Amino acid sequence: MLDTDFFRRWLTLCAGSVEREAPRLTELDAAIGDADHGANLRRGFAAVTAALDRDAPGSPGAVLLLAGRQLIATVGGASGPLYGTLLRSAGKALGDAPEVTPAELAAALREGVTAVAGLGGARPGDKTMLDALEPAVVALAGAPEAFGRAAAAAAEGALATVPMRARKGRASYLGERSMGHQDPGATSSALLVAALAEAERTEGEAP
Amino acid sequence: MRMLINVPETVVPDALRGMAAAHPELTVDVENRVILRRDAPVAGKVGLVSGGGSGHEPLHGGFVGPGMLSAACPGEVFTSPVPTQMVRAAAAVDSGQGVLFVVKNYTGDVLNFDMAAELAEEEGVRLAKVLVDDDVAVADSTFTAGRRGTGATLFVEKIAGAAAEEGAPLEQVAAVARRVNERSRSFGVALGAVTTPALGKPTFDLPPGELELGIGIHGEPGRERRAMMTSREIADYSVDTVLEDRRPTGPVLLLVNGMGATPLLELYGFAAEVHRRLAERGVAVARTLVGNYVTSLDMAGCSVTLCQADEELLRLWDAPVRTAALRWGR
């Protein structure tokens, strides 16, 4: 079972990972976007950890709802609403259960990814965060406990965006010139799924 | 990197504190990042709220004041503002006559303004939205996020602002805003890349002797790179590209816009070439505005925006305006 602490740990690890990788995310964004992805996510996740410390939500769903709200309120750009919606939709799906099974988390993340696709109007192959999130939720649907496999699928998905031509977001304005660069959104999405696997490995440690 | 900043993290609030100091006729809420007309809400008047990433100054904060915007919401550099900013702005400028959101077509701006609209409507504000998408360098197809909003934003904000100042109801203000957008087209050229404070180096490498054609306002590369051209050649290329997309059937409003690092000496010279080319192509110019209005930090370059005018649009364009960056008529 995954308890509230697990979710707090997941998001705290997300924040650490985003903090470490912010320069790389910004570099990737400089190539095909506007060079702010790392800085924006870092600001958002710093707000998430501050809010988690301050408000101490009491259930997995409440952790995700709080985090989603913070991202929407602080990130801006497309990433704020998209990541905010991902976490909020997943949080709503979990309801107020004090503990959830990996299968329930997998189903909730599926809801979140569906909501992201609906909001942004993107599909896998458009060179967006969905190219990492979709393979991750597919992997989780098949094996809900295999977070490591989901993380690998997301990382592969992010890598697979390199040759793609962007059809959504700011990179789409570049047309063919968007090809040959890894998508920053898919890259940050892969970081979040990797943090999920790490949260499992660090079970029992303080969030 | 040599920039007149303290640290990259505070460039936006630092600039807002400066705006507050320089413009006592505005209310600048540095904490919540909203720039307001001091007399808002104006009784009986529709409110106009716009916003977008910072780095495009004077857009949008420089256009807040009588005859133009009621409020502006600046985001982080090149990043759209967050919904709470627009909700606060809408609540502050709504006199009961409703609020028009002027939104440039970028994924982030659209998503955040949509969320804001939902929240503001829940709070009882009547809302309309106009999406500005004038950039002909972007193919408007399923392969992109749609045309970008650039120079036409100034035309939309000025003309819709004048309509609101006259007391036009929300539906009418929104309709004239949409008409301006439908009749406007832009094309931009970069002579140098932009350096964002967060990245601290140029966002793309543009060697001397080359230029980017068809750029937006975020330091993203354009649709094509070529060997450096003369002002005359750039004017021909820009005007022809705009006219290819939409051929105006009457006199036009013309904006010759600087991207931030191109001096007025060059912009006026370019404006002369744009006038020459428009005359050659049989397009009459009713009004011309030259200057740095919709910029991209320290990008060198320019853009051309044409809007097919009519009697009403000309009257609203000429109507008095009193903002930090645009003022005439009284």
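Reading the values: rules and limits
One numbering rule holds for all chains: residues counted from 1, following each sequence as written. Think of it this way: whatever chain is written first is A, whatever ligand is written first is 1, and the rest follow in order. Local features are withheld for residues below a pLDDT of 70 in this predicted model, meaning they are given only at 70 or higher, and side-chain atom pairs are given and counted only at 80 or more; totals for whole chains, interfaces and linings count all residues. Each side-chain value is derived from all of the structure's non-hydrogen atoms; neither hydrogens nor water enter the calculation. Helix and strand assignments come from DSSP, with helices taken as H or I runs of at least 4 residues and strands as E runs of at least 2, each series counted from the N terminus. We compute the radius of gyration over the C-alpha atoms and compare it with the globule rule, which gives 2.2 Å times the number of residues raised to the power 0.38. The cut-offs for exposure are 20% and 50% of the maximum accessible area for each residue type, with area from a 1.4 Å probe on protein chains only; residues under the lower value are buried, those over the upper are exposed, and the others partly exposed. A residue counts as positive if it is Lys or Arg and as negative if it is Asp or Glu; His and the chain ends are not included. The location of each charge is read from NZ of Lys, CZ of Arg, CG of Asp or CD of Glu. Every residue pair with non-hydrogen atoms within 4.5 Å of one another is taken to be in contact. In this description, buried area is defined as the sum, over both parts, of the accessible area (probe of 1.4 Å) that is lost when the two are combined. Salt bridge, as applied in this entry: a Lys or Arg side-chain nitrogen positioned within 4 Å of an Asp or Glu carboxyl oxygen. Two N or O atoms form a polar contact when they lie within 3.5 Å of each other; inside protein one atom must be a possible hydrogen donor and the other a possible acceptor, and for residues adjacent in sequence the pair counts only when both atoms belong to side chains. Being paired, for any two strands, means DSSP has found at least two bridges between them. Whenever a helix is involved, its axis is fitted only over the stretch in contact; in every case the axis is a line through C-alpha atoms, and angles between N-to-C directions fall within 0 to 180 degrees. UniProt positions are given in the numbering used here, feature names are shortened, and annotations may be inferred rather than shown by experiment. The nonpolar core is taken to be a set of buried Ala, Val, Leu, Ile, Met, Phe, Trp, Tyr and Cys residues, with the residues joined through side-chain atoms within 4.5 Å. For every residue, the predictor assigns a confidence score, pLDDT, that lies between 0 and 100.

Next up on the list: the overall build of chain B. A count of helical and extended segments in chain B gives 8 helices and 14 strands. On C-alpha atoms alone, chain B measures out to a radius of gyration of 19 Å, which is about the 20 Å that the 2.2 N^0.38 rule sets for 330 residues. In terms of overall dimensions, chain B has C-alpha extents of about 55 × 50 × 40 Å along its principal axes. Across the 330 residues that make up chain B, the buried fraction comes to 61%. Where the 32 positive side-chain charges of chain B centre and where its 42 negative ones centre are 4 Å apart.

With 30 residues of chain A at the interface, the matching set in chain B holds 36 residues. Interface of chain A and chain B: buried area, both sides summed, is about 2,500 Å²; carbon and sulfur atoms make up 58% of it. Area buried by chain A at its contact with chain B is led by Arg-170, Tyr-173 and Arg-177 of chain A, which between them contribute 27% of it. Connecting chain A to chain B are 3 salt bridges. For the pair chain A and chain B, the interface holds 8 residue pairs in polar contact (both at pLDDT 80 or more). Only helix H1 (4-32), helix H2 (37-55), helix H3 (60-74) and helix H4 (79-94) of chain A provide two or more residues apiece to the side of chain A that touches chain B. Here the element with the most residues in the side of chain A that touches chain B is H1 of chain A; it accounts for 4 residues.

Residues and elements named next belong to chain B. Relative to the helices and strands, Gln-85 resides in helix H2 (residues 83-93). Within the structure, Gln-85 has its side chain in polar contact with the backbone oxygen of Pro-74 (distance 2.8 Å). Other than its neighbours up to four places away in sequence, Gln-85 contacts Asn-32, Arg-33, Val-34, Cys-73 and Pro-74.

What follows covers the environment of Ser-231 of chain B. Residue and element names in this part refer to chain B. Among the structural elements, Ser-231 can be located in helix H6 (residues 231-245). Ser-231 gets classed as partly exposed once you look at its relative accessible area, which sits at 30%. Once the C-alpha coordinates of Ser-231 and Ala-271 are considered, the two residues, 40 residues apart in sequence, prove to be 9.2 Å apart. Once you skip the residues sitting within four places of it in the chain, Ser-231 turns out to touch Gly-269, Phe-270 and Glu-273.

To continue, consider the sheet that holds strand E9 (residues 224-227) of chain B. Residues and elements named next belong to chain B. With respect to topology, 6 strands assemble into an open sheet ordered E9-E8-E7-E12-E10-E11, the strand pairing being mixed. Edge positions in the sheet fall to E9 and strand E11 (285-291), since each of these pairs with one other strand and no more. The average angle at which neighbouring strand axes cross in this sheet is 20°, direction not considered. Two elements, strand E10 (residues 252-258) and strand E12 (residues 301-308), share 7 bridges in a ladder whose sense is antiparallel.

Attention shifts here to the UniProt feature "domain: DhaL" (unreviewed entry) in chain A. Look at the UniProt record and you will see "domain: DhaL" (unreviewed entry) annotated at residues 5-198 of chain A. The span residues 5-198 of chain A is 71% helix and 1% strand, and its two end C-alpha atoms sit 13 Å from each other.

Attention shifts here to the nonpolar core. Most often, soluble globular proteins keep nonpolar side chains buried together rather than apart. Among the nonpolar cores identified, the biggest contains 61 residues, and Leu-100 and Val-173 of chain B are the most heavily contacted of them. Once you skip the residues sitting within four places of it in the chain, Leu-100 of chain B turns out to touch Val-46, Gly-47, Leu-48, Val-49, Ala-128, Lys-129, Val-130, Ala-160, Leu-170, Val-173, Ala-174 and Ala-177 of chain B. Core analysis: the second largest hydrophobic core is formed by 59 residues, Leu-2, Val-18, Val-75 and Ala-186 of chain A among them.

Attention shifts here to the sheet that holds strand E5 (residues 99-104) of chain B. All names here are of chain B. Sheet architecture is open: 6 strands sit in the order E1-E2-E4-E3-E5-E6, paired in mixed fashion. At either margin of the open sheet sits one strand with a lone partner, and together these are strand E1 (26-29) and strand E6 (127-132). In this sheet, adjacent strand axes meet at a mean angle of 20° when their direction is disregarded. Examined bridge by bridge, strand E3 (residues 47-54) and E5 share 4 bridges and lie parallel to one another. Bridging from a neighbouring strand, Val-49 pairs with Phe-101 of E5. The strands touched by helix H1 (residues 11-22) are E1, strand E2 (34-37), E3 and strand E4 (71-77); relative to E4, the strand with the most contacts, the crossing angle is about 145°.

Turning to the pattern of salt bridges, a few remarks are in order. Residues and elements named next belong to chain B. Here the structure, examined in full by the defined rule, presents 35 salt bridges over all chains. For Glu-165, the salt bridge identified is with Arg-37, shortest N-O distance 3.0 Å. Taken together, the positions of Glu-165 in helix H4 (residues 152-165) and Arg-37 in strand E2 put the pair 128 residues apart, joining distant regions of the chain. Its relative accessible area of 5% is what places Arg-37 among the buried residues.

Turning next to the environment of Val-63 of chain A. Residues and elements named next belong to chain A. On the secondary structure map, Val-63 appears in helix H3. Remark: the alpha-carbon pair of Val-63 and Arg-8, spanning 55 residues in sequence, is separated by 6.7 Å. Excluding residues that lie within four positions of it along the chain, Val-63 makes contacts with Thr-4, Phe-7, Arg-8, Leu-11, Leu-52 and Pro-57.

Before going further, it helps to examine the confidence of the model for chain B. On average, chain B scores 95 in pLDDT, and the residues at 70 or more come to 97%. Scoring of the predicted complex yields 0.93 for pTM and 0.90 for ipTM.

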